[in-house]
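Topology and contacts: notes
Now for the letters of each chain:
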Amino acid sequence: MKQKYRLAVISPFLDKRHGTERSVVEWLNGIPEHFEVHVYSQGVEDLDLSRIQWHRIPKLPGPHLLGYVWWFAANHLWRAWDRAVRGLRYDLTYSPGVNCLNADVISVHIMFAELLRKNTASMRLRDHPLSDWPRLLHRKIYYHLIAKLERHLYRKPDVALLVIAQRISDGLQEFYGRADPSPVVYFGLDHGVFNPVRRLELRTAAREELHVKANEFALLLIGNDWLNKGLSTLLDAMDRLKELPLHLLVVGTDDRTPYIKAIQEKSLMKRVDLGPPRKDVEFYYAAADVYTGPSKEDALPLPPAEAMACGLPVIVTAKCGVSEIITNGQDGLIMQDAVNAEDLAAKIRSLYEDTSLRQGLGEKAAETARRFTWERSAREFDEVLCEVLRKKLTSGGVQRAGA
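Scope of this entry: the structure provided in the associated data block. Treat the numbers as computed from the prediction; the structure is a model and nothing was measured.

What counts as what
Residues numbered from 1 in each chain as written. Predicted model: local features only at pLDDT ≥ 70, side-chain atom pairs only at ≥ 80, totals over all residues. Heavy atoms only, no water. Helix = DSSP H or I, 4+ residues; strand = E, 2+ residues; numbered from the N terminus. Buried < 20%, exposed > 50% of the residue type's maximum accessible area, 1.4 Å probe, protein only. Contact = heavy atoms within 4.5 Å. Areas by Shrake-Rupley, 256 points an atom, 1.4 Å probe, with all protein chains shown as cover. Lys, Arg positive; Asp, Glu negative; His and termini not counted. Charge placed at Lys NZ, Arg CZ, Asp CG, Glu CD. Patch = residues over 30% accessible without salt bridge, like charges linked within 9 Å, V, L, I, M, F, W, Y side chains within 5 Å. Salt bridge = Lys/Arg side-chain N within 4 Å of Asp/Glu carboxyl O. Core = buried A, V, L, I, M, F, W, Y, C linked by side-chain atoms within 4.5 Å. Pairing = 2+ DSSP bridges. Axes fitted to C-alpha atoms, helices over the stretch in contact; angles between N-to-C directions. Polar contact = N/O pair within 3.5 Å; in protein donor to acceptor, adjacent residues only side chain to side chain. Parallel < 35°, antiparallel > 145°, perpendicular 65-115°, else oblique. Left-handed = near helix turned anticlockwise from the far one by under 90°. Right-handed = clockwise from strand over helix to strand, strands pointing away.

Attention now moves to the overall build of the chain. Check the secondary structure of the chain and you find 14 helices and 14 strands. Counting the 403 residues in the chain, one finds 55% classified as buried. Partitioning the intrachain contacts of the chain with sequence separation of at least 6 by distance along the chain shows that 69% fall at a separation of at least 24. On the chain, roughly 17,800 Å² of surface is accessible, and the fraction owed to carbon and sulfur atoms is 53%. Considering the chain, the positive charge centre built from 55 side chains and the negative charge centre built from 52 side chains are found 4 Å apart.

Turning to a nonpolar patch on the surface, a few remarks are in order. On the surface, a cluster of nonpolar side chains totalling about 380 Å² of accessible area is made up of Leu130, Trp133, Leu137 and Ile141. Take Ile141: it is sitting in helix H4 (residues 133-154).

It is worth spelling out the nonpolar core at this point. Counting 136 residues, the largest nonpolar core has Leu28, Phe35 and Tyr285 as the members making the most contacts within it. Residues in contact with Tyr285, not counting those within four places in the same chain, are Phe194, Arg199, Leu220, Ile222, Tyr291, Pro303, Glu306, Ala307, Cys310 and Leu312.

Attention shifts here to the environment of Leu153. Among the secondary structure elements, Leu153 is positioned in helix H4. Residue Leu153 is classed as buried on the basis of its relative accessible area of 1%. It is 9.5 Å that separates the C-alpha atoms of Leu153 and Tyr176, two residues lying 23 residues apart in sequence.

Moving on to the sheet that holds strand E9 (residues 217-222). Spatially, six strands are ordered E11-E10-E9-E12-E13-E14 in an open sheet, and the strand pairing comes out parallel. Pairing within the sheet leaves two strands with one partner each, and these edge strands are strand E11 (272-275) and strand E14 (333-335). Sheet twist, expressed as the mean angle between neighbouring strand axes with direction ignored, is 25 degrees. Relative to the sheet, helix H11 (residues 302-309) contacts E9, strand E12 (290-293) and strand E13 (314-317), its axis offset from that of E13 by approximately 150 degrees.

Now for the side chain of His247. With respect to the helices and strands, the residue His247 is situated in strand E10 (residues 246-251). Look at His247 and you get buried, because its relative accessible area is 3%. Polar side-chain contacts of His247 include one of 3.0 Å to the side chain of Glu216. A distance of 2.8 Å separates a polar atom in the side chain of His247 from a polar atom in the side chain of Asp273.

For side chains of opposite charge, pairing can occur when their charged atoms come near one another. All chains considered together, the criterion is met by 30 salt bridges. Put simply, Asp289 and Arg203 hold a salt bridge, and the shortest N to O gap is 2.7 Å. With a gap of 86 residues between them, Asp289 in the loop between helix H10 (282-287) and E12 and Arg203 in helix H6 (residues 196-209) connect regions that are remote in the sequence. Judged by its relative accessible area of 21%, Arg203 is partly exposed. A salt bridge links Glu209 to Arg278, with the shortest nitrogen-to-oxygen separation between them at 3.1 Å. Placement of the pair is Glu209 in helix H6 and Arg278 in the loop between E11 and H10, with a sequence separation of 69 residues. Ionic contacts of the salt-bridge type, sharing partners, join the residues Asp15, Arg17, Glu45, Asp46 and Lys279 into one network.

On to the packing of helix H3 (residues 112-119) against H4, then. The geometry of H3 relative to H4 is characterised by a closest axis approach of 8 Å and an angle of 140 degrees between their N-to-C directions. Taken together, the axes of H3 and H4 lie oblique to each other. In this structure, H3 crosses over H4, and the sense of that crossing is left-handed. Packed against H3, whose contacting residues are Phe112, Ala113, Leu115, Leu116 and Asn119, the element H4 presents Tyr142, Tyr143, His144, Ile146, Ala147 and Glu150 at the interface.

On to the pairing of E10. Within E10, six of the six residues are buried, which leaves it mostly tucked inside the rest of the structure. Burial along E10 is two-sided: the residues Leu246, Leu248 and Val250 and His247, Leu249 and Val251 are all buried. In this sheet, E10 lies alongside E9 in parallel orientation, the contact comprising six bridges. Within the sheet, the bridge partner assigned to Leu219 lies in E10 and is Leu248. In this structure, E10 lies alongside E11, joined through four bridges in parallel fashion. Looking at the pairing, Leu249 lines up with Asp273 of E11. Considered for its hand, the β-α-β crossover made up of E10, helix H9 (residues 257-265) and E11 is right-handed.

Right, dumping it as structure tokens:
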């Protein structure tokens, strides 16, 4: 492919601190020169802007739902302006998730239809105090809006879907009738940052800074949307293990109010810390003894995979895409029921009590993780784009961007 083709990338923000956005950043930084890349976004970090043109879209302050609606409309308006005034025409438009109505390629990182099915019961207003209703209503409206847009976009045969885990392809068939399996592009990992040697080098300083005592057994959960990440189940498991010297580190920017209340009710205030994300996320892995991710629905989150690369034993659920690369009992532990706090507690206890099991799982986890690199992931992403472009060229759907 010797000619250059224009690729529009539509994403509200891009950085390496968030899972979906980290994947897109790595894919774009590794994309070959046959694409001229234009990014429409409200914020960009960690991208090589000498190779990529950023079209900045202003961010609207306020609730997340309002911000999303503005973003969805604004990126269409900005691109329409660029087409009419600047003559910018794109051969391909790519979106990570639901960001626009006219994408040629969408990478599916999470399915909100599945998320709604899993969380509808836990979002019933009658089961929560009145003070929680605004937050729950906001979440319910947002989930339903994205699920409706998914239904519209993912059923369109002319929209190519790539998935970051096989289980998402299965879900697309179940919910939206996509009969042909979508190509899978697994994550990559930065093995210069995430490796057992570096974790051990940082361990003492990390535990001191995060106030984890020498005799404490540190559990770690990283990510937003704690309802879906299973934080409630993890707190229930902690409640069952009060006789063990456990210390839970939870990292993210989600609403802490309902969880602080639960932590107080379970008398876990001195055993749970809710911390902010940081660029050197390996600092958190260094402080931990086990990564605990009881997700209700999670396509392929990076934190458990990064933890594996660091040589940490991990506990994930069968509903988490990382389980596709794990052999249960060999390089990780898999929960079949994401809300079974008793099972989670038993797995945590076994890792606490059995040093050889803990070390063996961690060593095998690091071996498994070494197979996944960002170079390979970016190459596979490029192959998907090129295949979609070839089909458009064959069908006459591409008019040269510079023409």
